[in-house]
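One letter stands for each residue in the lines below.
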Amino acid sequence: MADVARQSKLNVDVQSFPGQLVIVKGGRTGAGAFVVQCIAVDGKTVSVVQGIDYQNRKAAIGQIADRAFAAIKGAIR
């Protein structure tokens, strides 16, 4: 996720607590923001993907959020 966001020229910050939580967040000034959280509890992983474009249509941030969601779904299959 972080690499995909960087390739789209978005600012990215990653926080990782191995075996518990990973947070990838960032965005671009004036364009929007995103947050992806993967939380592990009792052998299960829950993910939350949010992407907010500051425009009337889906743009780079929304597309990044869609790609993150698809990657997470693919990983659990």
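For the structure, see preceding data.
Residues numbered from 1 in each chain as written. Predicted model: local features only at pLDDT ≥ 70, side-chain atom pairs only at ≥ 80, totals over all residues. Heavy atoms only, no water.

**Student:** When you look at helix α2 (residues 60-76) in this model, what are you seeing that I'm missing?
**Tutor:** Structural remark: α-helix, 3.6 residues per turn; residues separated by three or four positions point the same way. The end-to-end C-alpha distance of α2 is 25 Å, a good match for the 24 Å that 17 residues give at a rise of 1.5 Å each. If you check which residues of α2 are buried, you get Ile61, Gly62, Ile64, Ala65, Ala68 and Ile72. Viewed end-on, α2 has its buried residues packed into an arc of 160°, placing them on one side of the element. Structurally, α2 contributes buried residues whose contacts are with α1 (2-7), β2 (21-28), β3 (32-41) and β4 (44-53). (Helix = DSSP H or I, 4+ residues; strand = E, 2+ residues; numbered from the N terminus. Expected span 1.5 Å × (residues − 1). Buried < 20%, exposed > 50% of the residue type's maximum accessible area, 1.4 Å probe, protein only. Arc of directions from axis to C-beta. Contact = heavy atoms within 4.5 Å.)

**Student:** It is not clear to me how the pattern of salt bridges should be interpreted in this structure. Could you clarify?
**Tutor:** One pass over the structure, following the stated rule, counts three salt bridges. Its salt-bridge partner being Arg6, residue Asp3 comes within 3.6 Å of it at the nearest N-O pair. In this pair, Asp3 and Arg6 both sit in helix α1, three residues apart, roughly one turn of the helix. Exposure remark for Asp3: the relative accessible area of 54% places this residue in the exposed category. One salt bridge in this structure joins Lys25 and Asp13, with 3.9 Å as the shortest N-O distance. In this pair, Lys25 sits in strand β2 while Asp13 sits in strand β1 (residues 11-17), placing the two residues twelve residues apart along the sequence. (Salt bridge = Lys/Arg side-chain N within 4 Å of Asp/Glu carboxyl O.)

**Student:** How should the sheet that holds β3 be read in this particular structure?
**Tutor:** Consider a sheet: its strands pair through backbone hydrogen bonds, and that pairing is either parallel or antiparallel. Ordered in space as β1-β2-β3-β4, the four strands form an open sheet in which the pairing is antiparallel. At either margin of the open sheet sits one strand with a lone partner, and together these are β1 and β4. Across the sheet, the mean angle from the axis of one strand to that of its neighbour is 5°, orientation sign disregarded. Inspection of the sheet shows β1 paired to β2 by seven bridges, in the antiparallel sense. Across the sheet, the residue bridging to Asn11 is Gly27, located in β2. (Pairing = 2+ DSSP bridges. Axes fitted to C-alpha atoms, helices over the stretch in contact; angles between N-to-C directions.)

**Student:** So what exactly am I meant to see when it comes to the nonpolar core here?
**Tutor:** Inside soluble globular proteins, nonpolar side chains tend to come together where they are buried. In terms of nonpolar packing, the biggest core is built from ten residues, these being Ala2, Ala5, Leu10, Val24, Phe34, Val36, Ile61, Ile64, Ala68 and Ile72. The set of elements that each furnish at least two residues to this core consists of α1, β3 and α2. Among the elements that line this core, the one with the most residues is α2, at four residues. Not counting the four nearest positions on each side in its chain, Phe34 is found in contact with Met1, Ala5, Leu10, Asn11, Val12, Val24, Lys25, Gly26, Gly27, Gln50, Gly51 and Ile61. (Core = buried A, V, L, I, M, F, W, Y, C linked by side-chain atoms within 4.5 Å.)

**Student:** Even after reading the chapter, I still don't get the pairing of β2, so can you show me in this structure?
**Tutor:** Two faces make up the sheet, and in a regular strand the side chains alternate between them. Counting the residues between successive antiparallel strands, the hairpin from β1 to β2 contains three residues, one of them, Gly19, with a positive phi of roughly 80°. In the sheet, β2 pairs with β3 via eight bridges, with the strands oriented antiparallel. Counted as the bridge partner of Lys25 is Val35 from β3. Hairpin remark: β2 followed by β3, antiparallel, with three residues in the connecting loop; positive phi at Gly30, about 80°.

Any functional reading would require information beyond the geometric quantities listed.
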